Amino acid sequence: MKKQKEPKRYLISFDSNTTSHVFTDVLVIGSGLAGLSAAIQAAGYGSVLVVTKDKIDENNTAYAQGGIAVVLSAHDTVMKHMKDTLDAGQGLCNTAAVRTIVSEGPKQVKKLIEYGAAFDKEDDHLIFTQEGGHSFPRIIRAQGDSTGREVEHTLIHVAREHQNIKIFEHTFTIDLITRDNICHGAVAWHIKKGTMLIWAKRTILATGGCGQVYRETTNPDVATGDGVAMAYRAGAALQDMEFIQFHPTTLYIAGAVRFLITETVRGEGGILRNKKGVRFMPKYHPQAELAPRDVVSQSILKEMQKTDHTNVYIDVRHIAKDRLYARFPKIKEICASFGIDIAKDLIPVRPSAHYMIGGVKVNRFSRTSIQQLYACGEVACTGMHGANRLGSNSLLEGLVTGHMAGADAGKSIQRTKRELMPYAVHESVGLSKISWLDLHDIGNSLKSLMWRDAGIERDERHLLEAEEMIEMWCSYVMDKEFSNTIGWELQNMLLVSQLIVSFARKRKESRGVHHRTDYPETDNIQWKKHTIKK
Ligand code: FAD
Ligand code: SIN
């Protein structure tokens, strides 16, 4: 992998003598399902502070639609779910992680139900639905297509009720505080209180993904890869950053947000058609519309190129209107706001960046390579997904790994019984505070570049072009010290993009979601292995 210029250790200068201090046993960064699960679990052992950069429920979790894949149906087994997950991962799944997450999943989902999460039922039995790559229906959902919202709000309720948990919203974590490869907390910035040093015996990163580095993405604005960037600056090992999953079907209307059209629409019989109205998936894969996501995204791209059109369409007009409206109420509502009646009209869709498969490398206890630092959920790379993630497997992973991180962090505090050890820090990053930059413009250019050169299809020429361009932007963005979230997010997005591109250049083969047109074959001799960077 190309030797990159080392990023500055910290994005801002700070001095422990003049900055306010906060103390907690466990610091959890992020309030999606991974962070909240970790917090609830750790709170059984000591004080927990959850910091989150926006409102508590602004995260990928809250936008999740399709559901949670979990072995709860009488016809399902852990072995079957494992096999589907391993098949999709194309030789790169960590089998032990898959086994733990799949077999622990039912217990954690039942706990969610005990907390009050209302999953959709028929005659008092959970309803199971199907998504691509799953051998049969095993996905539970809530309110049709609002699963994430239900899960997130259930966990928020439990966390808010817990006497050991404090929550700071609108608190942006800028960097982890480390010394001698041990994490002691984080430096954060609160919208009203300003900069603070948060000292913690254990820190859990649960900052989610990085979809925002791409122009087309299903992810909300908060998904800027901050966790990966701050962990990398602190020296944590990263794994498999080239594997970015593109969701095949996002609503594509000029001016509309890239709203996800869940895969379960295809699970319920939705058909993909090109501009000419022709169904095309059967010619690409025997499972047609329910082929794994990488295949569907690449096939859509080919049809868009062949028909010289910006998008393809999902057709659900053959499904009974009442059933359709009841099953997908949110999609119906959003489409209707753009004049599309899903029972009568075709829905224009195209792929977009959806999920960060790689991330901060963790072991089976969710521990990172930095002592006292954990990572869980989308920011972590457990190896569960290998080179391609099965739909609805990540809510499960976030729930289980969040629980594991919280439990391990809590227990280890109890074991060591050590007091918090804050120390004097004076970080002067020596960067220029004067900037004549249009940060939005650079951000938009970066997103377009990443979409064009490091998207669904990649090759050496385009990846190299991206690398050089990003290096050039870094030369005048990374030498600045910003005092606002836009600046820090841009610096994080530049670093994460650099990492994606350099990992993607390194893997000279096609596997799962990483499709290189100059190396179209899967090379099991040289490349059936993880890419790791420290
Ligand atoms: P998130 O839920 O994204 O939470 C991350 C949190 O970290 C946020 O609260 C954010 O504000 C905070 N944060 C980030 N940076 C900082 C910082 N610097 N300082 C402080 N806080 C910070 N998966 C499924 O399994 N099933 C589905 O049906 C499904 N549907 C999806 C639909 C959409 C539209 C999207 C975008 C994703 C979907 N996924 C689905 C994927 C799944 O939702 C995510 O992988 C999962 O929710 C990630 O959870 P998380 O807790 O790791 O991260
Ligand atoms: C979807 O509902 O299609 C998204 C599911 C997922 O990403 O897991």
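Structural data are supplied above this passage.
As the structure is a computational prediction, the values presented were derived from the model and not from experiment.

**Q** Break down helix α6 (residues 226-233) for me, citing the residues and quoting the values.
**A** The buried fraction of α6 is high, at eight of eight residues. For α6, the set of buried residues is Asp-226, Gly-227, Val-228, Ala-229, Met-230, Ala-231, Tyr-232 and Arg-233. Downstream of α6 by one or two residues, Gly-235 has phi in the positive range, about 100 degrees.

**Q** Break down the pairing of strand β11 (residues 194-205) for me, citing the residues and quoting the values.
**A** Most of β11 sits out of view: 11 of its 12 residues are buried. Judged from the nine bridges that link them, strand β2 (residues 20-29) and β11 form a sheet pairing that is parallel. The partner of Phe-23 across the bridge, within β11, is Trp-199. In this structure, strand β10 (residues 182-190) lies alongside β11, joined through six bridges in antiparallel fashion. By the bridge assignment for β11, Gly-185 is matched with Trp-199.

**Q** Before we move on, can you summarise the sheet that holds strand β15 (residues 312-315) with the specific residues and values?
**A** In space, the four strands of this open sheet follow the order β13-β16-β15-β14, with antiparallel pairing throughout. Two strands lie at the open edges of the sheet, namely β13 (244-251) and β14 (271-273), each paired on one side alone. Neighbouring strand axes in the sheet, compared pairwise and without regard to direction, differ in orientation by 45 degrees on average. In this structure, β15 lies alongside strand β16 (residues 347-356), joined through three bridges in antiparallel fashion. Among the inter-strand pairings, Tyr-313 is bridged to a residue of β16, identified as Pro-348.

**Q** Before we move on, could you go through the pairing of β2 and cite the residues and values that matter?
**A** Burial of β2 is extensive: seven of the 10 residues sit out of reach of the surface. In the sheet, β2 pairs with strand β3 (residues 48-51) via four bridges, with the strands oriented parallel. Bridge pairing links Val-28 to Val-50 in β3.

**Q** Could you give me a rundown of the side chain of Thr-52, with the residues and numbers involved?
**A** Inspection of the secondary structure assignment puts Thr-52 in the loop between β3 and α2 (60-63). Those residues in contact with Thr-52, other than ones at most four positions away along the chain, are Gly-30, Ser-31, Phe-168, Glu-169, His-170 and Thr-171.

Calculation criteria
- Residues numbered from 1 in each chain as written.
- Chains lettered and ligands numbered in written order.
- Predicted model: local features only at pLDDT ≥ 70, side-chain atom pairs only at ≥ 80, totals over all residues.
- Heavy atoms only, no water.
- Buried < 20%, exposed > 50% of the residue type's maximum accessible area, 1.4 Å probe, protein only.
- Helix = DSSP H or I, 4+ residues; strand = E, 2+ residues; numbered from the N terminus.
- Pairing = 2+ DSSP bridges.
- Axes fitted to C-alpha atoms, helices over the stretch in contact; angles between N-to-C directions.
- Contact = heavy atoms within 4.5 Å.

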